[in-house]
Amino acid sequence: MQEWANQLCENRQFGSKMTDSKYFTTTKKGEIFELKAELNSDKKEKKKEAVKKVIASMTVGKDVSALFPDVVNCMQTDNLELKKLVYLYLMNYAKSQPDMAIMAVNTFVKDCEDPNPLIRALAVRTMGCIRVDKITEYLCEPLRKCLKDEDPYVRKTAAVCVAKLHDINAQLVEDQGFLDTLKDLISDSNPMVVANAVAALSEIAESHPNSNLMDLNPQTMNKLLTALNECTEWGQIFILDCLANYTPRDDRESQSICERVTPRLSHANSAVVLSAVKVLMKFMEMLPKDLDYYGTLLKKLAPPLVTLLSAEPELQYVALRNINLIVQRRPEILKHEMKVFFVKYNDPIYVKLEKLDIMIRLASQANIAQVLAELKEYATEVDVDFVRKAVRAIGRCAIKVEQSAERCVSTLLDLIQTKVNYVVQEAIVVIKDIFRKYPNKYESVIATLCENLDSLDEPEARAAMIWIVGEYAERIDNADELLESFLEGFHDESTQVQLQLRTAIVKLFLKKPTETQELVQQVLSLATQDSDNPDLRDRGYIYWRLLSTDPVAAKEVVLAEKPLISEETDLIEPTLLEELICHIGTLASVYHKPPSAFVEGRGQHKRLPGSGGSSESPDAVSAGAANEVAAVIPSQGDLLGDLLNLDLTPPATTGPPPHSGGMQLGAMDLLGGGLDSLMGDESEPPPIPLRSDTPRSPPLPHQSSSSPENSLTELGGDLGGSPAMGAGFGAAPAAMPPAFSAPVSGGLEDLFDLGGGVGMPLGSFCPPKTVWLPAMKAKGLEISGTFVRRAGVIQMEMTITNKAMSVMTGFAIQFNRNSFGLAPAGPLQVLTPLSPNQNIEVSLPLNTVGPVMKMEPLNNLQVAIKNNIDVFYFSCQYPISVLFVEDGKMERQVFLATWKDIANENESQFQIKDCHLNSDTASNKLQTSNIFTIAKRTVDGQDMLYQSMKLTNGIWVLAELKIQAGNPNYTVSLKCRAPEVSQCVFQSYEAVLKN
Amino acid sequence: MIGGLFIYNHKGEVLISRVYRDDIGRNAVDAFRVNVIHARQQVRSPVTNIARTSFFHVKRSNIWLAAVTKQNVNAAMVFEFLYKMCDVMTAYFGKISEENIKNNFVLIYELLDEILDFGYPQNSETGALKTFITQQGIKGQLQTKEEQSQITSQVTGQIGWRREGIKYRRNELFLDVLESVNLLMSPQGQVLSAHVSGRVVMKSYLSGMPECKFGMNDKIVIDKQGKGGASDDAGKSGKQSIAIDDCTFHQCVRLSKFDSERSISFIPPDGEYELMRYRTTKDIILPFRVIPLVREVGRTKLEVKVVIKSNFKPSLLAQKIEVRIPTPLNTSGVQVICMKGKAKYKASENAIVWKIKRMAGMKESQISAEIELLPTNDKKKWARPPISMNFEVPFAPSGLKVRYLKVFESKLNYSDHDVIKWVRYIGRSGIYETRC
């Protein structure tokens, strides 16, 4: 009976509601005026109708703030529906009319005392959403009561309200003791109250990294694990995400938590499952691998992950991005599940691309036949991106599973026979890699490849083909003709092709010197005389000189043995992977980027709790942070103890101070490691170009990312690296462009002075913007920019100007490999479209986890920028000071020992002229750029400052700065295990001091 | 957490806009419209980052739902929430369409206020929500104090999905085992992948707070009991237990109990809900086999022959059989002959669609077609999409059987015997494809 009655009742209401859409249609002119009248009507119904109209207008974006007093007047009502509508309005407009909003306070306070718990909760919920200071003052008392309300519904709402209030006024929340009340709610009898309190506390704790607010101890863990079984699906997610932050004391505790979390893997809600996977993946690190339970757990993880793939496509996408991480961390979990990643014809493209990625990762000798059959099938599909990726995947399989190489090559040849343009090009690019992996095995196919020479129109494919021709010039009869044909349009080619062509012809010459002398001269003169590209030109000169002075050496250099290419690609760098594993299920795991790359404000870096010594317990971190503050205050000997510096460098960015004792060894390690990565150690070749084929930002072609070039690039770099070598080029005057004069020095000094005079804010050193890409060269796109380090983040600041006649959209940016692995930490965000003559300031945060390749000069950065018109390339130089990290202050003893330890030939001296600062000011100035003064000594009126700085890749640079009173010329001596950085460091010294 | 929620129509006009967090500016609404809805190329990811703001979107018919945030939120949770929101809206006013959303916008705002607080999802079980949010606004003023506290304890309580005091004169329950069988077969008849994804949907009309226990022929449970001795129905059916790869449950099921004892016990929600989902890959009964034969006769003609064979008990009848044979884009004409049912060439869908109303087990039928092609100079070969099939059969292709569903209600005086129980099995085709 009751059922039937309810239904009837609902049906009737339904009938009366069918007319709500009419509110969307009023567009008359005197609308506001009419609404005003209706709002002040005596009739309740009419009032309600009017408020609905107001909300509808608000939704479609009309400004109805003028009606504020009239709407607020309707608040005093018994009708809950009307009340909610008025509240909705208030939340939207209170901020713009704070004084008027006060009118509402009384009603809120009254409602918080209402006997109906639904109304009490509504009032406290709404009040927290009104971001007006005066109202928040009144909120405190009602909130305090509601946190202790007898009704759980009110308490759970109040718990969230604390988080709201904290967002408005954090201090107030602390002063009022709400945080303690919130902590008490973790022990509440009602599971939903617990869940909301956990959610609120977790969020608040994130903004106080060291507060230890979320005091996770075994007792709280127990409470949370109990609540986990009882609360709603959303509550379970909050709790699991919070549990993941806990560090178990030992493997037994770890196991017992895992045991209590595993049942969640059967939950219908995918987010609960993924959060549980996160907890398990993290705590598993603590378990000894020989434990039976460890194996059981691994087995339990596979089925739920597979089940996620039958969810809706959007969730599949999230799941696949996460599985990609899990497979990298623990390949054993899913190694038998290849089939479920086979692409279905109707999968959305984003699911298809992700599945393909995982298929490549799981490919092994056991399943390669099936995988290849699938990939071949995919290569005939419609979507161009997908097909390309499938072709590429076939190449990856060949490289990964040696036994399959032959089959892969024949599959690729079949595909080339289809003559579908992009398939052919993609196939040629991967075949080049196969040649490198298995030299002297498949060269018989070269003839087939050469047939397709004319159809190649993409730089990457052209470059790959040219590489093949150059590499196997002795086996291709008409190699010279083939290469010559490319030479005709040399200037229209992209840089990548030009570089490759130049190298290939040199190779050809070395192999068949008699017939090709003319050709090689032609290409070298094209490269050196008619090109503006320093890379092309300089390397051209190197070849030229090499060939003319010592052909044998040239042969050794150019035809050197190439390093092997790695089997796995697109691997995420291990520390980033560890961090991402701690973020399973979240956006970070979808983007494959640390939260700091896309979330404002500094986040903590999460780490896996390894049983090894690589991780620090949270306690150690917070202890470290406490020490740090003390460490910033200088000891007696130092004279840089002024408070200004303390203010300028936020303590948290200073990083943990070096521990004495064990530190010394650590420093050595860092130096060694840093050196290796800088020099591009040949025994560990950089992997094949990473193509981060995320669907969001279509990849730009790497400027010269084709790996065969690597060995050469590095060699070239090394040769040109020492200043002596630069001098040796005197024979070719045009050879050395002002490459050594970074934009920070030379003619720009005046600009700096100007900047200083106008009163540039005293902060980290920031050179003024220079034009990087003139509009002339980039079809109307002009970019000027600079680099700066702010709060520990390197920012690339650019002004993008549209000087073309048409609108520009679709901006994207990519860097070539560079000496310090600089890479954009997020996509380039240009609020497009950029209309003609408009300019926009963009700040692009950078990280240093990109691929490393030594550049010349060291701080050179090659950038590709894309918009709807074309792709443009330019190179710019960053002041090396942006790479000085905040924890670059060495302990005195360590400094002393290191200084002695570094050989004297690694010391270089420079003069800084015309600098009129005393030593304290200089020291302060330098410290803003993370050059730290460790000690100061005064001898005969000459101040000696001993300073240290650390680069992002862990290289330490030690310096001695001599300042003599009255002498405007300073002397800097730099000591570093990687002496090639000295020149750049010196330039930064000069720039910072003269700023 | 979720910073805001927007609903747009297909043109990108805002129908609903609710902002929860201060960091989401007013331009966020437009940013999504410009960059996603109006984007020239097809959207390549359900998650989009525009100017440091992340947008999650799902589409229901031509309505866009977008959640927006500036934080590192739990992405899986956001999507789960968006689906849940669709469910809640559907439960309140039916299909999600522009008209229905406009007609119910006040209700939607009320719901959004309730199920998402400061961007944190709250209880979103329709059963609980309907007790205090109706289409006529909040029922607030009509309730007595007891009713109010009953509502709040239900919304926040352990058993958020069921209210107390439900009474039926006839205690009745319906169990539907709904399976979708998926297949990918090579042209040579080799199974490339096959799996069943199944759901157990329950409609319960039971009084009070009944405690239920559900049992099926799960291999792990049967094997465990088998060790104990008595297995009476051994030999009765050839396949008595099935290996379940994985299963997930409605939140009413006690997961820890399933984990430890593999028993499925719960207090069910009132009315219809999905008790569990499961997946199997072993020993699947493939109801149909498709044997394709495609022959290219010159450059302007294709001959296609497709045989389908039904593979189940002759006494059972499959229904709604449909075979879809793709044709090349340059098809100019098609002649079809089929033994059973009706076949038609649908130019707009680039396919021959062959429909058969009913077909008994262990039968076979055949279609042959001649496809005339227009000559083209397109170098690329036709991709030959797979032949797909739809059908419905009255059994569970996984072999799953319901063994029991016991109901205990200690406070009210009805026992397990008094409950009327109905069980039904339906197997449908999921993605059932044969490459040709």
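What you are looking at is a predicted structure, and each value in this text was computed from that prediction instead of being measured.

(A) Expanded view of the pairing of strand 25 (residues 420–434) of chain B. Residue and element names in this part refer to chain B. For strand 10 (residues 172–185) and strand 25, the ladder comprises 13 bridges, and the chain directions are parallel. For E172, the partnering residue across the bridge sits in strand 25 and is I420. As judged from the four bridges shared by strand 23 (residues 387–393) and strand 25, these two strands associate in the antiparallel manner. Bridge pairing links I387 to T434 in strand 25.

(B) Layout of the interface of chain B and chain A. Contacts between chain B and chain A engage 102 residues on the former and 122 residues on the latter. It is B:R44, B:R52 and B:N72 that lose the most area in chain B upon contact with chain A, and together they represent 8% of the buried surface on that side. Linking chain B with chain A are 13 salt bridges. Across the contact surface, chain B and chain A share 44 residue pairs in polar contact (both at pLDDT 80 or more). The element best represented in the side of chain B that touches chain A is helix 2 (residues 75–93) of chain B, accounting for 10 residues. Per-class residue counts for the side of chain B that touches chain A are 39 nonpolar, 36 polar and 27 charged.

(C) Representation of a negative patch on the surface within the structure. On the surface, A:E481, A:E484, A:E488 and A:E518 cluster together into a patch of negative charge. Taking the relative accessible area as the measure of exposure, A:E484 reaches 41% and is therefore partly exposed.

(D) Quick look at the environment of B:A75. Structurally, the position occupied by B:A75 is in helix 2. Counting along the chain gives 19 residues from B:A75 to B:F56, while the straight-line C-alpha distance between them is 8.2 Å.

(E) The sheet that holds strand 7 (residues 860–866) of chain A, seen in detail. All names here are of chain A. Taken together, the three strands give an open sheet; going across it, the order is 4-7-8, and neighbouring strands pair in antiparallel fashion. The sheet is open, and its two borders are formed by strand 4 (812–815) and strand 8 (871–877), each paired with just one other strand. Each strand of the sheet is rotated relative to its neighbour by a mean of 25 degrees, with strand direction disregarded. When strand 7 meets strand 8, the two strands line up antiparallel, connected through seven bridges.

(F) Layout of the packing of helix 19 (residues 313–329) of chain A against helix 32 (residues 574–581) of chain A. Residues and elements named next belong to chain A. Here helix 19 crosses helix 32 at 125 degrees, and the two axes come no closer than 10 Å. Viewed along their axes, helix 19 and helix 32 adopt a mutual orientation that is oblique. Viewed along their axes, helix 19 and helix 32 form a crossing whose handedness is left-handed. Residues L325, I326, Q328 and R329 of helix 19 lie in contact with helix 32, whose contacting residues are L577, E578, L580 and I581. Each residue belonging to the contact of helix 19 with helix 32 can be placed in one class, and the counts come to five nonpolar, one polar and two charged.

(G) Representation of the nonpolar core. Counting 285 residues, the largest nonpolar core has A:Y89, A:L143, A:L243, A:F435 and B:F56 as the members making the most contacts within it. If you tally residues by element for this core, the top one is helix 2 of chain B, at 14 residues. Apart from the residues within four sequence positions on either side, B:F56 is in contact with A:L587, B:P46, B:V47, B:L65, B:A66, B:A67, B:T69, B:V73, B:A75, B:V78, B:F79 and B:L82. Formed by 64 residues, the second largest nonpolar core is a distinct cluster that contains A:L822, A:V842, A:V863 and A:V992.

(H) Focus on unusual backbone geometry. Of note, the amide linkage connecting A:E856 to A:P857 takes the cis form, showing an omega dihedral of -10 degrees. Note that A:P857 resides in the loop between strand 6 (839–847) and strand 7. Look at B:R262: it is not a glycine, yet its phi comes out positive at around 55 degrees. Tracing the sequence through the fold places B:R262 in the loop between helix 8 (255–261) and strand 14 (264–266). In the Ramachandran plot, B:M362 falls in the positive-phi region, its phi being about 55 degrees despite a non-glycine side chain.

(I) Expanded view of the sheet that holds strand 23 of chain B. Overall, mixed pairing links the nine strands, which are arranged 13-15-11-10-25-23-18-21-20 (chain B) in an open sheet. Of all strands in the sheet, those with a lone pairing partner are strand 13 (246–249) and strand 20 (342–346) of chain B, marking the two edges. Ignoring strand direction, the axes of neighbouring strands in this sheet form an average angle of 15 degrees. Of the pairings in the sheet, the one linking strand 11 (residues 191–205) of chain B to strand 15 (residues 271–280) of chain B comprises nine bridges and is antiparallel in character. Bridging from a neighbouring strand, B:K203 pairs with B:E272 of strand 15 of chain B. Sheet strands in contact with helix 18 (residues 292–307) of chain A are strand 13 and strand 15 of chain B, and its direction is about 70 degrees off that of strand 13 of chain B.

(J) Summary view of the confidence of the model for chain B. Residues and elements named next belong to chain B. A residue-level look at chain B finds 94% of positions with pLDDT of 70 or above and a mean pLDDT of 88. For chain B, strand 9 (residues 137–138) is the element with the lowest average pLDDT, namely 50, and strand 5 (residues 63–69) is the one with the highest, namely 96. Here residues 229–238 is a poorly scored stretch, pLDDT under 50, and it has two contacts once near neighbours within four places are set aside; other chains count. For this predicted complex, the interface score ipTM comes out at 0.82, alongside a pTM of 0.68.

The rules behind the values
- Residues numbered from 1 in each chain as written.
- Chains lettered and ligands numbered in written order.
- Predicted model: local features only at pLDDT ≥ 70, side-chain atom pairs only at ≥ 80, totals over all residues.
- Heavy atoms only, no water.
- Pairing = 2+ DSSP bridges.
- Helix = DSSP H or I, 4+ residues; strand = E, 2+ residues; numbered from the N terminus.
- Contact = heavy atoms within 4.5 Å.
- Buried area = accessible area lost by both parts, 1.4 Å probe.
- Salt bridge = Lys/Arg side-chain N within 4 Å of Asp/Glu carboxyl O.
- Polar contact = N/O pair within 3.5 Å; in protein donor to acceptor, adjacent residues only side chain to side chain.
- Nonpolar A, V, L, I, M, F, W, Y, C, P; charged D, E, K, R; others polar.
- Patch = residues over 30% accessible without salt bridge, like charges linked within 9 Å, V, L, I, M, F, W, Y side chains within 5 Å.
- Areas by Shrake-Rupley, 256 points an atom, 1.4 Å probe, with all protein chains shown as cover.
- Lys, Arg positive; Asp, Glu negative; His and termini not counted.
- Charge placed at Lys NZ, Arg CZ, Asp CG, Glu CD.
- Buried < 20%, exposed > 50% of the residue type's maximum accessible area, 1.4 Å probe, protein only.
- Axes fitted to C-alpha atoms, helices over the stretch in contact; angles between N-to-C directions.
- Parallel < 35°, antiparallel > 145°, perpendicular 65-115°, else oblique.
- Left-handed = near helix turned anticlockwise from the far one by under 90°.
- Core = buried A, V, L, I, M, F, W, Y, C linked by side-chain atoms within 4.5 Å.
- pLDDT = per-residue confidence, 0-100.

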